[in-house]
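Below, each chain spelled out in residue letters.
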Amino acid sequence: MAHVGVPRGTARKRRSVALLATGVLTIPVLAGCTSDSEGPTPVAVPQDIAPASRDRVADGSTLTWAIDAVPATLNAYQADADSATTRITGALLPSLFPLDARGEPKLNPDYLESAKVIEQEPKQVVLYKLNQQAVWSDGREIGAPDFVAQWRALSGKDSAFWTARNAGYERIEKIERGKDDLQVRVTFSKPYADWRSLFSPLYPKEVTGSPGTFNDGARTTLKATAGPFRLRSVNKPKGTVVLDRNPRWWGDEAKLESLVFRAVDAKDRTAALTAGTVDVADIDATTANSIALAARYRGGNGQPPAHGPGADITPAAALRSWALAHGSDEEAAESAQLAREKNREAVAVYAAEQKSLSGFAVRKSLEPAYTQLALNGESGPLTDDRVRRAIARTLDRQELADTVLKPLGLPAKPPGSHLALAGQPGYKDGSGALGDQDAKEAQALLADAGWTVGGAVRRTEDTKAGSEAEEKKASAKATDKASAKATDKAAEEKTEKGEKGEKSEKEEKAEKDDKASREEGTYIVGDDKPGDGPAAGTGVTAQDKGPAGAYAPAGTAAPAPASLKDRLGKGGKPLTLRFVLPSGPGSQPLRTVGQKIAEMLDAIGISTQITKVDDADYFKDHIASGDYDMALYSWPATAYPATDGRPIFAKPEPATDGSLLVEQNYTRVGSDHIDQLFDRAVSELDANASRDLLKQADARIWAAAGSIPLYQRPQLVAVDKKLANIGAFGFAAPRYEDIGFTGRQAAGSPANRKK
């Protein structure tokens with residue numbers, strides 16, 4: 001199921017970016033870490049797939065798996081590839097090092113006999129020995145020509161190939177045939193620690209051999225595949241992609257006869273499950289709750305149902321209804337009989353729905369992705385790293401994680417790393433580089449940056465004028481009463497003139513814009529009355545001051561409104577941050593977390609201007625373009641952080657027009673030192689040394705406070721209870737050939753019953 005606030009596609013793709021430099025951060029805990037002295041952390045939640053041995057899984061039948069949409073392309077290396085592309089190609093194409101349950105790449109014996117670095121000097125050389133049985137579905141053996149064609153297509157040297165990424169391939173100097181086509185020697189021009197990330201998925205040379213076939217030939221079809229399944233059809237009007245068994249597959253035969261991927265919108269998943277048109281679907285908490293309720297549904301035997309229509313009818317009400325339906329008052333009897341019939345029909349429909357849903361189980365784990373609070377360091381108050389760190393130290397990350405995960409029965413430990421998740425070999429909690437939650441320390445950081453309580457109150461010329469007028473009045477009174485009266489009159493005229501002139505055209509426009517934005521779903525957390533009061537940043541208006549001299553000497557401004565007195569500000573400007581959130585029904589968890597963050601910041605005097613935008617516009621028009629101060633979105637985990645993490649956290653490169661080149665680092669926060677650590681890690685062939693460098697980089701990313709990881713996302717999957725080896729996979733890649741129904745299964749899966 002697609003999630004708003006996730007960069008398109010969870011497959012490994014190009015992650016080139018640029019960001020705003022913040023310089024080298026000096027913090028005491030950034031010294032090297034040694035992975036040898038630390039044991040591996042456990043996976044937060046194991047995968048939940050109802051594992052079963054192959055002998056317990058029936059042969060045959062069809063499984064229907066919900067996806068968000070038929071993918072625009074089946075070429076995983078193109079920019080519009082998405083999660084559906086990844087899921088489908090995973091059953092069709094070679095993956096040389098799929099991830100295991102701990103998120104670690106493991107050699108796939110279906111394709112490789114071995115793969116290892118055989119030389120480091122003078123250059124790194126990797127020798128792949130291919131499985132001798134491995135063939136494409138057209139009968140040609142998988143060999144060195146496929147590796148060469150893919151390298152040339154993805155190296156970035158030929159712009160005719162429309163590729164989304166070339167990470168790693170640009171470091172290859174040459175690829176040679178070994179003793180035969182089943183041995184592939186890859187020589188690198190520069191050392192590359194993440195060499196296992198390459199050639200997965202591997203496409204046949206017929207796809208990657210020319211720009212034409214690469215750009216267009218693999219978008220809607222794959223003529224040759226090499227997985228347990230082969231592609232039978234892609235039908236966009238019907239929203240289906242159909243796979244069937246690959247007769248040339250040399251590994252364990254697929255238990256399923258066919259595998260159907262059906263496009264089902266997230267909001268329609270409950271209805272699809274109820275109707276029996278899908279067997280497996282990623283779901284949200286609402287649908288998971290519906291399935292849990294269905295498991296507890298009891299009706300019939302004269303007893304009222306546990307929930308749903310008729311559940312609120314008490315025995316007394318039922319007796320009165322029966323009496324009316326069979327009474328002597330014909331009009332009342334007819335009305336009661338109609339109501340009883342309508343209720344019976346509703347109960348019957350609901351009971352049927354509950355029976356269908358009760359055939360599903362919710363398998364849950366944590367998705368290999370984390371949701372972060374992004375702080376845009378390109379402009380405004382957040383260009384100051386003290387303000388960013390103060391915001392980060394104000395947040396109760398544990399409370400935010402609890403909000404999302406505890407209601408689902410999942411553990412809620414906030415992530416401690418930007419570059420790995422708990423259970424992965426490179427994981428280490430580096431959040432100490434930023435510091436724990438501490439409101440006093442946050443306020444001290446803000447004060448150091450010039451943002452103080454009361455600083456939002458504008459010190460106008462009127463105050464100074466009033467004070468001077470009072471002194472002149474006192475002095476004149478002792479010598480000349482007439483002169484004092486004249487001075488009073490002049491001061492009053494000056495104050496009145498200031499009151500009329502203070503509200504400039506710019507401020508009036510700001511108030512007008514503020515009113516319009518409130519009508520469109522924007523409001524400011526921190527205002528006493530949302531929707532009322534001056535626009536953010538306008539300070540104290542003439543209206544706030546009241547009549548000059550009414551309660552103080554002429555020319556003295558009235559006290560600032562309470563809404564500004566307790567606000568943090570600087571130079572009469574309140575500290576107000578634009579918080580952009582998606583507005584769609586599937587984005588409710590993000591909005592809930594966003595509201596809690598706004599309340600936490602409000603407690604220390606920071607106002608947040610929350611703006612809710614359409615899901616479709618959220619990422620492209622706001623996050624990617626930098627039109628926000630704060631936002632919530634997610635990054636997928638990776639087994640190759642030295643490659644995939646660098647462009648997300650790298651320093652920006654200025655464009656010729658003076659703008660910043662930003663591709664995936666949407667916080668625009670980074671430093672030279674972070675870049676250097678990534679560069680060293682990706683060239684370090686000693687795995688432990690490379691991980692230590694990444695831990696140092698992560699500590700500096702924490703200290704820069706552009707990205708604040710909040711929680712690992714929940715993974716909820718509705719699965720037919722009779723299915724095995726499928727569900728919430730966590731880190732691991734599915735073994736498609738092992739998926740199937742347990743016990744005897746009639747031809748066609750349950751998803752065929754009501755089509």
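Computed from a predicted model, the values in this text were never measured in an experiment.

(A) Broad picture of the sheet that holds strand β5 (residues 172-177). Spatially, β3-β4-β6-β5 is the arrangement adopted by the four strands of the open sheet, whose pairing is antiparallel. Here the strands that pair on one side only, and so sit at the sheet edges, are β3 (112-119) and β5. Sheet twist, expressed as the mean angle between neighbouring strand axes with direction ignored, is 15 degrees. Note: β5 against strand β6 (residues 183-188), five bridges, orientation antiparallel.

(B) Examining the pairing of β3 more closely. Across six bridges, the pairing between β3 and strand β4 (residues 125-130) is antiparallel. Paired with Val117 across the two strands is Val126, which belongs to β4. Counted along the chain from β3 to the antiparallel partner β4, the turn is five residues long.

(C) Structural view of the packing of helix α9 (residues 385-394) against helix α11 (residues 439-448). Across the interface, α9 lies against α11 with an axial gap of 8 Å and an inter-helix angle of 165 degrees. Considered as vectors, α9 and α11 are oriented roughly antiparallel to each other. Our pair here, α9 against α11, has a crossing hand that is left-handed. Along its contact with α9, which presents Arg386, Val387, Arg389, Ala390, Arg393 and Thr394, the element α11 presents Ala439, Glu441, Ala442, Leu445, Leu446 and Asp448. The residue makeup of the contact of α9 with α11, split by class, is six nonpolar, one polar and five charged.

(D) Structural context of the environment of Gln715. Note on placement: Gln715 falls in strand β22 (residues 707-720). As for Gln715 and Pro368, which are separated by 347 residues in sequence, their C-alpha atoms are 8.6 Å apart. Discounting chain neighbours no more than four positions away, the residues touching Gln715 are Arg363, Lys364, Ser365, Leu366, Glu367, Pro368, Ala728, Phe729 and Gly730.

(E) Layout of the pairing of strand β18 (residues 630-636). For β18, the tally of buried residues reaches seven of seven residues, placing the bulk of the element in the interior. What you see with β18 is no split at all: Met630, Leu632, Ser634 and Pro636 on one side and Ala631, Tyr633 and Trp635 on the other are buried throughout. Direction of pairing for strand β11 (residues 360-375) relative to β18: antiparallel, over a ladder of seven bridges. Considered in β18, the bridge of Gln372 is made with Tyr633. Where strand β16 (residues 576-582) meets β18, two bridges bridge the pair, whose relative direction is parallel. In the strand pairing of β18, Val580 is matched with Ala631.

(F) Representation of the sheet that holds strand β14 (residues 568-570) within the structure. With respect to topology, three strands assemble into an open sheet ordered β12-β14-β15, the strand pairing being antiparallel. Pairing within the sheet leaves two strands with one partner each, and these edge strands are β12 (452-453) and β15 (573-574). Bridge count for β12 against β14 is two bridges, and the pairing is antiparallel. Residue Val453 lies in a different strand from β14, and its bridge partner there is Leu568.

(G) Representation of the environment of Gln354. Looking at where Gln354 falls in the secondary structure, it is placed in helix α8 (residues 330-357). When its relative accessible area of 5% is taken as the criterion, Gln354 is described as buried. Along the sequence, Gln354 and Leu293 sit 61 residues apart, while their C-alpha atoms lie 8.0 Å from each other.

(H) Structural detail: the nonpolar core. Core analysis: the biggest nonpolar cluster contains 161 residues, and Tyr128, Phe199 and Leu373 have the highest contact counts within it. Broken down by element, this core gets its largest block of residues, seven residues, from β22.

(I) Highlighting the side chain of Asp244. Here Asp244 is to be found in strand β8 (residues 240-245). Of the residues examined, Asp244 reaches a relative accessible area of 13% and is grouped as buried. When neighbours within four sequence positions are excluded, Asp244 is seen to be in contact with Pro228, Phe229, Arg230, Arg232, Glu257 and Ser258.

(J) The arrangement of the packing of aromatic side chains in detail. A complete count under the given rule lists 19 aromatic pairs for this structure. Pairing Phe147 with Phe199 gives two aromatic rings, centres 4.7 Å apart and planes at 50 degrees, and the pair type is tilted. With Phe147 in helix α2 (residues 144-154) and Phe199 in the loop between β6 and α3 (205-208), this residue pair connects regions lying 52 residues apart in the sequence. Overall, Phe147 belongs to the buried group, its relative accessible area being 0%.

(K) Local environment of unusual backbone geometry. Here the amide bond leading from Glu121 into Pro122 is cis, since omega sits at 0 degrees, within 30 degrees of zero. Along the chain, Pro122 falls in the loop between β3 and β4. Along the chain, Ser200 connects to Pro201 via a cis peptide bond; the corresponding omega equals 0 degrees. Looking at where Pro201 falls in the secondary structure, it is placed in the loop between β6 and α3.

(L) Representation of α2 in the model. Extensive coverage of α2 is indicated by the burial of nine of its eleven residues. Regarding α2, the residues found buried are Ala144, Asp146, Phe147, Val148, Ala149, Gln150, Trp151, Ala153 and Leu154. Elements that come into contact with the buried residues of α2 comprise β4, β5, β6, α3 and α4 (211-217). Just past α2, the residue Gly156 takes up positive phi, approximately 85 degrees.

(M) Region of interest: the pattern of salt bridges. One pass over the full model with this rule turns up 33 salt bridges. Among the ionic pairs, Arg54 bridges to Asp738, the shortest N-O distance being 2.8 Å. Residue Arg54 is located in the loop between β1 (20-21) and β2 (62-67), and its partner Asp738 is located in the loop between β23 (723-724) and β24 (740-741); the two are separated by 684 residues in the primary sequence. Under the relative-accessibility criterion, Arg54 is labelled partly exposed at 24%. Owing to a relative accessible area of 13%, Asp738 belongs among the buried residues under this scheme. Between Glu176 and Lys174 there is a salt bridge, with the nearest N and O atoms lying 3.8 Å from each other. For Glu176, a relative accessible area of 30% translates into the label partly exposed. Among the residues examined, Lys174 registers a relative accessible area of 35% and is labelled partly exposed. Among the ionic contacts, a cluster of salt bridges with common partners joins Arg54, Asp252, Arg735, Glu737 and Asp738.

(N) Looking closely at the packing of helix α10 (residues 397-405) against helix α17 (residues 588-602). Contact geometry for α10 and α17: axes closest at 10 Å, N-to-C directions at 155 degrees. Taken as axis vectors, α10 and α17 run roughly antiparallel relative to one another. With respect to the hand of their crossing, α10 and α17 are arranged in right-handed fashion. Contacts between α10 and α17 pair Glu399, Leu400, Thr403 and Val404 from the former with Thr592, Val593, Lys596, Ile597 and Met600 from the latter.

(O) Fine view of the environment of Leu400. Residue position: Leu400 is located in helix α10. Discounting residues that sit within four places of it in the chain, Leu400 has contacts with Val593, Lys596, Ile597, Met600, Leu710 and Tyr711.

(P) Structural detail: helix α1 (residues 83-90). The set of residues buried in α1 consists of Ala84, Thr85, Ile88 and Thr89. Looking down the long axis of α1, one finds its buried residues gathered within 120 degrees of arc, a one-sided arrangement. Tucked inside the fold, the buried residues of α1 contact β2, β8 and β9 (258-263). Put simply, Asp82 is the residue that caps the front of α1, since its side-chain oxygen is 3.1 Å from the backbone nitrogen of Ala84.

Definitions and cut-offs
Residues numbered from 1 in each chain as written. Predicted model: local features only at pLDDT ≥ 70, side-chain atom pairs only at ≥ 80, totals over all residues. Heavy atoms only, no water. Pairing = 2+ DSSP bridges. Helix = DSSP H or I, 4+ residues; strand = E, 2+ residues; numbered from the N terminus. Axes fitted to C-alpha atoms, helices over the stretch in contact; angles between N-to-C directions. Parallel < 35°, antiparallel > 145°, perpendicular 65-115°, else oblique. Left-handed = near helix turned anticlockwise from the far one by under 90°. Contact = heavy atoms within 4.5 Å. Nonpolar A, V, L, I, M, F, W, Y, C, P; charged D, E, K, R; others polar. Buried < 20%, exposed > 50% of the residue type's maximum accessible area, 1.4 Å probe, protein only. Core = buried A, V, L, I, M, F, W, Y, C linked by side-chain atoms within 4.5 Å. Phe/Tyr/Trp six-rings, centres within 6.5 Å; stacked < 30°, edge-to-face > 60°. Salt bridge = Lys/Arg side-chain N within 4 Å of Asp/Glu carboxyl O. Arc of directions from axis to C-beta. Polar contact = N/O pair within 3.5 Å; in protein donor to acceptor, adjacent residues only side chain to side chain.

That's the geometry; what it means functionally is another story.
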